[in-house]
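# Structural overview for review
Here are the chains, one letter per residue:
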Amino acid sequence: MDRGIFARLVKNFVVYGLRIISLLLAVSIIAFTLVSASPIDPVQQYILGLGTAVSPEKRAEIEAYWGVNEPPVRRYLTWLNELLHGNMGESAIYRRPVSDILWERFANSLALMLCAWVLAGVIGFALGCVMGMYRDRLPDKIIKKVCYILSSMPTFWLGLLLLLVFSVWLGWFPIGFSSPIGVLSENVTVGQKIYHLILPAFTLSLMSFSNIALHTRQKLIDVLNSEYVLFARARGEGRWTVLCRHGLRNILLPALTLQFASFAELFGGSVMAENVFSYPGLGSAVSAAGLQGDVPLLLGITLFSTLFVSVGNLIANLLYGVIDPQIREVGR
Amino acid sequence: MQNNTKQPSYGRQLYKRSNKKPLNRINYLNNRKRAVILTTSLTIIFVIVYVAGMLISEDAVSGSFLNAKIAPCFKYPFGTDALGRNVFLRTLKGLSVSITVGIAASAISAVIAVLVGVAAAAGSRWLDAVINWIIDLVMSVPHTILIILISFCLGRGMKGLLVGIAATHWCSLARVIRGEVLQLRSQQYIAVSRRLGKSSGWIFVNHILPHLVPQFFVGLVLMFPHAILHEASISFLGFGLPPEQPAIGIILAESMRYLSTGMWWTAVLPGITLVLIVLLVDKLGDNIKMILDPYRAQE
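The structure displayed is predicted, hence computed values, not measured ones. (Residues numbered from 1 in each chain as written. Chains lettered and ligands numbered in written order. Predicted model: local features only at pLDDT ≥ 70, side-chain atom pairs only at ≥ 80, totals over all residues. Heavy atoms only, no water.)

Turning our attention to the overall build of chain A. Each helix and strand in chain A was counted, giving 14 helices and zero strands. Going from the N terminus to the C terminus, chain A shows its helices and strands as α-α-α-α-α-α-α-α-α-α-α-α-α-α. For chain A, buried positions account for 45% of its 332 residues. For chain A, the computed accessible surface area is about 16,800 Å², with 66% contributed by carbon and sulfur atoms. (Helix = DSSP H or I, 4+ residues; strand = E, 2+ residues; numbered from the N terminus. Buried < 20%, exposed > 50% of the residue type's maximum accessible area, 1.4 Å probe, protein only. Areas by Shrake-Rupley, 256 points an atom, 1.4 Å probe, with all protein chains shown as cover.)

This next bit is on the confidence of the model for chain B. All names here are of chain B. Averaged over all residues, the pLDDT of chain B is 81; the fraction at 70 or higher stands at 85%. Considering only residues more than four positions removed or in separate chains, one finds that residues 1–23, a stretch of pLDDT under 50, has 15 contacts. The ipTM assigned to the predicted complex is 0.85, against a pTM of 0.83. (pLDDT = per-residue confidence, 0-100. Contact = heavy atoms within 4.5 Å.)

A separate point is the interface of chain B and chain A. The interface is formed by 40 residues belonging to chain B together with 49 residues belonging to chain A. In total, chain B and chain A occlude about 3,800 Å² of area from one another, counting both sides; carbon and sulfur atoms represent 80% of this. Applying the counting criterion to the chain B and chain A interface returns one salt bridge. Among the salt bridges present, the one from R19(A) reaches D136(B), with a minimum N-O distance of 2.8 Å. Joining chain B to chain A, the criterion identifies four residue pairs in polar contact (both at pLDDT 80 or more). Every element with two or more residues in the side of chain B that touches chain A is listed here: α7 (125–140), α8 (143–153), α12 (200–237), α13 (248–257) and α14 (265–292) of chain B. Among the elements that line the side of chain B that touches chain A, the one with the most residues is α14(B), at nine residues. Its residues assigned to classes, the side of chain B that touches chain A shows 28 nonpolar, nine polar and three charged. (Buried area = accessible area lost by both parts, 1.4 Å probe. Salt bridge = Lys/Arg side-chain N within 4 Å of Asp/Glu carboxyl O. Polar contact = N/O pair within 3.5 Å; in protein donor to acceptor, adjacent residues only side chain to side chain. Nonpolar A, V, L, I, M, F, W, Y, C, P; charged D, E, K, R; others polar.)

Take helix α10 (residues 171–185) of chain B next. All names here are of chain B. Under the 1.5 Å per step criterion, the end-to-end length of α10 is 21 Å for 15 residues, consistent within 8% with the ideal 21 Å. Turning to α10, its buried residues are C171, L173, A174, I177, E180, V181 and L184. Looking at the buried residues of α10, the elements they touch are α6 (87–122), α7, α9 (157–168), α11 (188–195) and α12. (Expected span 1.5 Å × (residues − 1).)

The subject of this paragraph is the environment of L229(B). Assignment of secondary structure puts L229(B) in helix α12. Between the alpha carbons of L229(B) and I272(B) there is a distance of 13 Å; along the sequence they are 43 residues apart.

This brings us to the nonpolar core. Within the largest apolar cluster, 153 residues are counted, with the highest numbers of intra-cluster contacts made by F156(A), W157(A), F209(A), L298(A), I301(A) and W170(B). When residues of this core are assigned to their parent elements, the largest contribution, 16 residues, is made by α12(B). When residues are assigned to domains, this core turns out to be shared by domain 1 (3–84) and domain 2 (101–324) of chain A, each giving three or more. When neighbours within four sequence positions are excluded, W157(A) is seen to be in contact with L252(B), A267(B), V268(B), G271(B), I272(B) and V275(B). (Core = buried A, V, L, I, M, F, W, Y, C linked by side-chain atoms within 4.5 Å. Domains from an automatic or database assignment.)

The next subject is the pattern of salt bridges. Tallying each qualifying case throughout the model produces nine salt bridges over all chains. One salt bridge in this structure joins D140(A) and R217(A), with 3.0 Å as the shortest N-O distance. Separated by 77 residues along the polypeptide, D140(A) in helix α6 (residues 138–151) and R217(A) in helix α8 (residues 190–224) bring together distant segments of the chain. Per residue, the accessibility class of D140(A) equals that of R217(A), and both read buried. Residues joined by salt bridges that share partners form a network here, namely R19(A), D136(B) and R175(B).

What follows concerns the side chain of E237(A). Residues and elements named next belong to chain A. Along the chain, E237 turns up in the loop between α9 (227–234) and α10 (239–261). Its relative accessible area of 11% is what places E237 among the buried residues. Polar side-chain contacts of E237 include one of 2.9 Å to the side chain of R235.

This is the structure in structure tokens:
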């Protein structure tokens, strides 16, 4: 132990940080190429969005301002330069700077994803423990079936079902939007926001807990089959004591790591959930941007989601290094 | 297989003599045979759904306003939608469209995965590093967003959907194949073969490729549920197939508009059908894996 765990963490942090930067650069190039190659004309979409007829001269002016006729590499470099200065352009459908929309919508999305993430983690871990403890018995079989069925469901359909049951039939929850209709956004209380958040968050967490539950089950079974658990049982420890003393310590951190590594699915799921519940987050913005040809917003959200996922992966990788001595040795 | 049927195994004789349980059909079969039978029957169901969907004509799914919004009954098992179309036939037709997209996309994806995985494991070090970086790259963009981007690039429609799904699903299989090839390369018989003067190409074709065939098929079948779920999701968002095409995602997107009027059947029943197909293929993949994987054949 010549170098402490802290120094290693810093080193890993720098290595992964450089990797994230290279990934972000590559994603920006790919995304830019993809939207440039698209037959959907952003200028046309922008003009449609203005809602008024535009003369050919005005159109040429917009094209010149946007640099449509410049070579793609030059356009990309201009865009990247502006991006690094914090200017992500103006959204064609919302008529506001992309960065403003990103922050505002991300706050909504984050509330949704955080709730779902925590809920899925807790439910998944608890169910995984139950499955592991009752291996091959009735509770295990039932929960396993439920997990498999849930992971074969499309997120949006589950959202539709919940909407149908809880909003249409029982009338407990609103049909959509993050705030009541007809109330100014400043007047919306936190309670109302939470009320509108419950159903989408529940959908999202139902979609993602099966993965963590099945993983925890497998890990717990491995632990319970080990020699040290046999020895503990021989000493007279009960099943649940073994779970608390030996099981939880060994399976908690891997489960947490897995949770951090699942940000991509979480984001993908939130796109679907937000669209079903018309929740004003990044997910509903990205599909609107894609459908209405809002290129700046589409690029902005793509980069933002990449950053979000990469940060999750970074945390997962750092955690791996902390918990697994074998990886720690290789990392040296 | 044939040996098994001609000579009763020791275990089965013991079973007969002990006479504890009646020798029913299920006990008579060993796990492997059960897996083979399950695989065959699941494949047959799958093909029937697919062909039935293909055979339904355009006329059968066009409806009239006279019989709009009928709840499920004997004539319309899934009811009719707001335009009076038969939802059951539309669902079947949509499923076969989705299955076509799913099969094509996962086949392309599996081929990419094999090529990339083999290149990473068999090529030079820097190639491995580059491929790992590319895999990281694809994994770091949420798939839904990447498919939306690709679909946007290709002007939406079937082609964008197909390319998008194919381009996003190969990563995990490529990693599995890479690991498999790396493990095979360190085997003794490969080293022996090399000492006997066989060329790398010969070793690859004769010793490594046969091991990858089961991985390829299992990967392909297990990739299919993901592909079809993504297809439905992206169509639901409106990026996939055109709205007049009866795809599952589009049927469900339409049903959302009438959800508050209490037309539950157009939302619930097509969705259940989709989930059943996904579960069926999942089960199929598991069984094929059990048949092909020698380590699990004894379970």
